[in-house]
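What follows is the residue order along each chain.
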Amino acid sequence: MASGQLSREEALACVGCRHACHILLYADTEAQLFEEIPIRHIVLMQMRFDGLLGFPGGLVDPSEESLEEGLSRELWEELGFSLSVTLEDHVSSCHNPSSSSSHLITHFYARRMEEKEIREVEKAAASTATDHGHEVAIVMGMVRLPLYTLKGGEGGLPSFLSHSFIGNSRSQLEDSLVRFGLVTPEELQTALTHAEQRRK
Ligand code: GTP
Ligand code: MN
Ligand code: MN
Ligand code: MN
Ligand code: MN
Ligand code: MN
């Protein structure tokens, strides 16, 4: 396992650790951008109130609810959408050593949805979510990732990856894009190289 990775069981055994659960929601799509560029997959992140990109989800106290119940609750608050997260959705748990007294363990989940369902998530997040406009930035809310690269090599995924991400959500994103076959390792590498050049 990569450094900092631990099993869900090991994570729950940690005394004094705080836990945060976030989820990647994605779907396959036949839709095309400009009726020309295949979008291939709809992948959701959110623009947070602090201006950083991250996944929907939040802090869970395992003494009050299970990790998955807590994540489902956060999704209801942030997306206005009822989704029952299960153990099968769990992808990884990561220990984030910090200077403050209580370490944070970030649990990451992923769920493949039908296109129809994920479009309902987008609609709900934009209208009925209770925390929309509070924890999630008012105007932006949910963000759909561009998985394509436009001519010239900058627009699309490279420019998306040059934004700022909360915590380790950026590596969660990069790992899962390849893990779930949403982009090829080569496509990701090319996009990262362009993103790196953009930041300079
Ligand atoms: P509160 O109202 O403050 O409780 O917000 P919340 O429960 O929705 O928590 P939030 O989503 O902000 O996540 C809690 C902490 O987890 C953040 O302060 C970050 O350090 C971290 N975090 C937030 N989003 C992500 C993410 O997408 N991935 C990872 N790995 N960490 C995240
Ligand atoms: Mn929240
Ligand atoms: Mn949150
Ligand atoms: Mn919360
Ligand atoms: Mn809150
Ligand atoms: Mn694919």
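Residues numbered from 1 in each chain as written. Chains lettered and ligands numbered in written order. Predicted model: local features only at pLDDT ≥ 70, side-chain atom pairs only at ≥ 80, totals over all residues. Heavy atoms only, no water.

(A) Representation of the nonpolar core within the structure. Grouped together as the largest cluster of nonpolar side chains are 24 residues, with contacts concentrated most on L145, F160, L161, L173 and L177. Contributions of two or more residues to this core are made by β2 (18-28), β5 (41-47), β9 (104-113), α4 (157-161), α5 (169-179) and α6 (185-199). No other element matches the four residues that α6 contributes to this core. Sequence-distant contacts of F160, that is, excluding residues within four places in its chain, are made with M45, L53, V143, L145, P146, F165 and L173. (Core = buried A, V, L, I, M, F, W, Y, C linked by side-chain atoms within 4.5 Å. Buried < 20%, exposed > 50% of the residue type's maximum accessible area, 1.4 Å probe, protein only. Helix = DSSP H or I, 4+ residues; strand = E, 2+ residues; numbered from the N terminus. Contact = heavy atoms within 4.5 Å.)

(B) Quick look at unusual backbone geometry. In the Ramachandran plot, F34 falls in the positive-phi region, its phi being about 55 degrees despite a non-glycine side chain. For F34, the position within the fold is in the loop between β3 (32-33) and β4 (37-38). The phi angle at R40 is positive, at roughly 70 degrees, despite the residue not being glycine. For R40, the position within the fold is in the loop between β4 and β5.

(C) Highlighting the environment of E74. Looking at where E74 falls in the secondary structure, it is placed in helix α2 (residues 67-79). Separated by 14 residues in the primary sequence, E74 and V60 have C-alpha atoms spaced 8.7 Å apart. Among the polar contacts listed, one links the side chain of E74 to the side chain of R73, at a separation of 3.1 Å. (Polar contact = N/O pair within 3.5 Å; in protein donor to acceptor, adjacent residues only side chain to side chain.)

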